[in-house]
Amino acid sequence: MAVSKYVIEAKNLKKSYGANKVLKGIDLKVERGTMLALLGPNGAGKTTSVRILSTLLKFDSGTVTVEGYDVQSESDKVRSVIGLTGQSAAVDELLTGRENLVMMGRLYRLTNESAKARAQELLEEFDLVEAAERTAITYSGGMRRRLDLAVSLIAAPPVIFLDEPTTGLDPRSRLVMWDIIKNLMARGTTILLTTQYLEEADQLADKIVVIDGGKVIAEGTAKELKAKIGKDRLELTFSNNGSFEKAVKAIGKDIAESNEKERTVTVLVKDTNVDVRKTLDTLAEEKVTVLSMAIHKPTLDDVFLSLTGKQKQAGKKEDK
Amino acid sequence: MAVELVFEKKPKIVLQLNDSLLMIKRSSRHIIRNTDQLLGTFFQPIMFLVLFAAVFGGAISKALPTGVSYLDFLMAGIIVQTVAFGSTTTAIAVSNDLKKGIVDRFRSLPMSNIAVLNGHVVSDLFRNTISTVVMLLAGLVIGFRSSASFTDWLMIAGILLLFTFAFSWLAAIVGVIAKSVEAVQWLSFVIVFPLTFASTAFVPSEGMSPVLKAFAVNQPITQVIEAVRALILSMPIGNHGWMAVVWSLGIIVVAMPVASWLFRRKTSN
């Protein structure tokens, strides 16, 4: 059998609960050592996808393989190469952090010595040494997530599913989680992450698949997705009304937006280097002084809104 | 990563057995860590024993064979009742596991899933043994005396353990079926309460109405109670001994595969 370059591969994946079609034919491919972010709002089908990919849930049609193993007929083999964490996974609240780790390690079929040594290593790495002998019920939300992730790494699986790993965490805990995830990536782990935070996908993932209503509505790198929507925006602010008016006249039809009260002018730029210089040259010729300027990249938020918005309009047309 | 990971290379059946041992260890730790439940394990049986002996003792002693005190008569009944109610903890534990998502974690591991149920059922044996010993000690303090020999006590232990094991598997079914922990509570209560009260646990069957009596003397809990009682009081055990064993084995043979099947079905959706 030819070894696929994709570690995780789903083709035309469909799943319904009765009449409710949760997944309407999803295709996913994750290359070895990369991270794919599955981005979408609540109810888009993210968790359902992860549960199927991690052998927890049966599906109706399509094919799903992880490391070349079929998730349905070879679930045991799949389970020995994956780690699962996030929304749908959990730790035992009445066991200590260390006990949780050692137990899960043993259940991954590690020897007792290996499980213990690895548990210690993970406790150190995840800053849980002090809390190691306390029951998990006493942990804060952030500590619990770290333990949860540590547990799924106990046997160092080459493939990790992170189902909304930072949902509900405070900003500081989220940053700590991101660092941990970046470390994992640096070691060559193949990761599938689901998130409803655009910033998270932007920060971490090599590739992003946007899903909505059980369908893939866009995919690509963060840069590619942003490029689909938008140009960079140059925002200029002026110190007085005189400069503002002169500038509006000078730049003329290139203005995308102007705000008299704030004395700001926004210009859409295609080729950032050239267009920004051109605009500034025009202003210099007219002897207009600029108080401040800023270049805004389109955010994934813009991308997301415009994509899902379009999707809904298309849906309306279909209805007619 | 500095630690070199070594994986077990034992036959699958050994590994699966090991899964169950790990789960038994886990559930047994729960017994000690869950302090609220632990208090119940100690005090509920003592409370029942003292209350029943004090409240019913005077009224019922006349109906008892001469020379038998109500406390000595009651002991078998109250032990079996405690064990039957105690099996509810298996149901609660199973229901909790299913609800809190840890079963998903276990299922994503290359382990035997039924080990989770084995863990709860077997640890229930430990917990019920503690309850029973506490109750016997409390009984001794307030005047319980038995003429049973050491061999009799071994037989009592055997019958009770088998019965507990059987009832815990029934409880496991309740735990899988029930939609919430609250549902487990009332469902268990509705099953266990009539079974223990419509039995000879607290009163002899002579005074019961014919229909009630017919049910009471033939149902499994009465068989277990009568067997244990006969051994405690050094009276002829009759058919009760083997009936108790047959009932328990029968329940195990049916409930174990049913619980496992339901658990598998519930968790694969």
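Definitions and limits used
- Residues numbered from 1 in each chain as written.
- Chains lettered and ligands numbered in written order.
- Predicted model: local features only at pLDDT ≥ 70, side-chain atom pairs only at ≥ 80, totals over all residues.
- Helix = DSSP H or I, 4+ residues; strand = E, 2+ residues; numbered from the N terminus.
- Buried ≥ 20, exposed ≤ 12 C-beta atoms within 10 Å, placed from the backbone.
- Contact = placed C-beta atoms within 7 Å.
- Rg over C-alpha atoms; globule rule 2.2 N^0.38 Å.
- Domains from an automatic or database assignment.
- Core = buried A, V, L, I, M, F, W, Y, C linked by C-beta atoms within 7 Å.
- Pairing = 2+ DSSP bridges.
- Axes fitted to C-alpha atoms, helices over the stretch in contact; angles between N-to-C directions.
- Nonpolar A, V, L, I, M, F, W, Y, C, P; charged D, E, K, R; others polar.
- Parallel < 35°, antiparallel > 145°, perpendicular 65-115°, else oblique.
- Left-handed = near helix turned anticlockwise from the far one by under 90°.
- pLDDT = per-residue confidence, 0-100.

Q: So what exactly am I meant to see when it comes to the overall build of chain B here?
A: A tally of helices and strands in chain B yields 11 helices and zero strands. In chain B, the succession of α and β elements from N to C terminus is α-α-α-α-α-α-α-α-α-α-α. Across its three principal directions, the C-alpha atoms of chain B cover 75 × 35 × 35 Å. In chain B, which comprises 269 residues, the share counted as buried stands at 40%. Considering only intrachain contacts with a sequence separation of at least 6, the fraction spanning at least 24 residues in chain B is 80%.

Q: Where do I start with the overall build of chain A in this structure?
A: Check the secondary structure of chain A and you find 11 helices and 14 strands. The C-alpha atoms of chain A give 25 Å as radius of gyration, which overshoots the globular expectation for 320 residues (20 Å, by more than 25%). Considering chain A as a whole, with its 320 residues, one finds that 42% of them fall into the buried category. In chain A, the proportion of contacts linking residues at least 24 apart, taken out of those at least 6 apart, comes to 68%.

Q: Quick question: what am I supposed to make of the domain arrangement of chain A here?
A: Bring the parts together and some accessible area is lost; that lost area is often taken as the interface size. Here chain A is described as being made up of domain 1 (6–227) and domain 2 (231–296). A straight line from the C-alpha centre of domain 1 of chain A to that of domain 2 of chain A covers 45 Å.

Q: Which parts of the structure should I look at to understand the nonpolar core?
A: If you look at soluble globular proteins, the nonpolar side chains tend to sit buried side by side. With 88 residues, the main nonpolar core has B:Val80, B:Ala172 and B:Val228 as its most contacted residues. Broken down by element, this core gets its largest block of residues, 14 residues, from helix α7 (residues 150–177) of chain B. Excluding residues within four positions of it along the chain, B:Ala172 makes contact with B:Thr90, B:Ala91, B:Val94, B:Leu117, B:His120, B:Val121 and B:Ala259. Counting residues in each nonpolar core, the second largest holds 47 residues, with A:Leu23, A:Ala44, A:Ile160 and A:Ile211 among its members.

Q: Looking at this model, I keep getting lost on the sheet that holds strand β11 (residues 232–237) of chain A. Mind explaining?
A: Two modes of strand pairing occur in sheets, parallel and antiparallel, and in both the strands are linked by backbone hydrogen bonds. Residue and element names in this part refer to chain A. One open sheet accounts for four strands, arranged β12-β13-β11-β14; its pairing is antiparallel. Both outer strands of the open sheet, β12 (255–259) and β14 (292–296), are each paired with one neighbouring strand and no more. Going across the sheet, the axis of each strand differs from the next one's by a mean of 20°, ignoring polarity. Sheet topology note: the β11/strand β13 (residues 264–269) ladder contains six bridges and is antiparallel. Following the sheet pairing, Leu234 is matched in β13 by Val267. Contacts from helix α9 (residues 241–251) reach β11, β12 and β13 within the one sheet, and its direction differs from that of β13 by about 25°. Across the sheet, helix α10 (residues 272–285) lies against β11, β13 and β14, angled at about 145° from β13, the strand it touches most.

Q: What is the right way to read the sheet that holds strand β8 (residues 190–195) of chain A from this model?
A: All names here are of chain A. Strand order in the open sheet made by the six strands is β6-β7-β8-β3-β9-β10, with mixed pairing throughout. In this open sheet, the two edge strands, each paired with only one partner strand, are β6 (82–86) and β10 (215–220). Recorded for the sheet is a direction-independent mean angle of 15° between the axes of neighbouring strands. By the bridge criterion, five bridges tie β6 to strand β7 (residues 159–163) in an arrangement that is parallel. Within β7, the residue paired with Ile82 across the bridge is Val159. Across the sheet, helix α5 (residues 141–152) is in contact with β6 and β7; its angle to β6 comes to roughly 170°.

Q: What am I meant to see in the interface of chain B and chain A here?
A: Residue-level contacts link 26 residues of chain B with 30 residues of chain A. In terms of residue count, helix α1 (residues 12–33) of chain B provides more of the side of chain B that touches chain A than any other element does, seven residues in total. The residue inventory of the side of chain B that touches chain A, partitioned by class, reads 12 nonpolar, five polar and nine charged.

Q: What should I look at first to understand the packing of α9(A) against α10(A) in this one?
A: Each packed pair of helices is defined by two parameters, the angle between the axes and the distance between the axes. Residues and elements named next belong to chain A. Contact geometry for α9 and α10: axes closest at 10 Å, N-to-C directions at 125°. With respect to α10, the element α9 is oriented oblique. At the point where α9 passes α10, the crossing takes the right-handed sense. Counting all contacts with α9, which are made through Ala247, Ala250 and Ile251, the residues of α10 involved are Thr279, Thr282 and Leu283.

Q: Where do I start with the packing of α5(A) against helix α6 (residues 171–186) of chain A in this structure?
A: Residue and element names in this part refer to chain A. Between α5 and α6, whose axes approach to 10 Å, the crossing angle comes to 15°. It follows from the interaxial angle that α5 and α6 lie roughly parallel. Both α5 and α6 take part in a crossing whose hand is right-handed. Listed contacts from α6 to Gly141, Gly142, Arg145 and Leu149 of α5 are Ser173, Val176, Met177 and Ile180. Of the residues belonging to the contact of α5 with α6, the class tally is four nonpolar, three polar and one charged.

Q: Help me understand unusual backbone geometry, please; the structure alone is not making it clear to me.
A: Trans is the common state for peptide bonds, and a negative phi is the common state for residues other than glycine. Residue and element names in this part refer to chain A. A positive phi is found at Thr55, a non-glycine position, where the angle reads about 70°. Mapping Thr55 onto the fold places it in the loop between α1 (46–53) and β4 (61–66). Assessed through the 25 C-beta atoms surrounding it within 10 Å, Thr55 is described here as buried. Its identity is not glycine, yet Glu67 carries a phi of approximately 50°, on the positive side. Relative to the helices and strands, Glu67 resides in the loop between β4 and β5 (69–70).

Q: Explain the pairing of β10(A) here, please?
A: Side chains on a regular strand alternate between the two faces of the sheet. Relative to β10(A), strand β9 (residues 207–212) of chain A runs antiparallel, the two being bridged by five bridges. Note on β10(A): the bridge partner recorded for A:Asp212 is A:Lys215.

Q: Just checking my understanding: could you explain the confidence of the model for chain A for this structure?
A: Should pLDDT be low for a region, the predicted coordinates there are not to be read in detail. For chain A, the mean per-residue pLDDT works out to 86, and 91% of the residues sit at or above 70. Here helix α11 (residues 300–319) of chain A is the element of chain A with the lowest mean pLDDT, 52, and helix α3 (residues 97–107) of chain A is the one with the highest, 96.

Q: Sorry if this is basic, but what is going on with the confidence of the model for chain B here?
A: Residues and elements named next belong to chain B. Summarising the model, chain B shows a mean pLDDT of 90, and 99% of its residues fall at 70 or more. Within chain B, the lowest mean pLDDT, 85, falls on helix α2 (residues 35–60), and the highest, 95, falls on α7. Interface confidence in the predicted complex, given as ipTM, is 0.88; pTM for the same model is 0.81.

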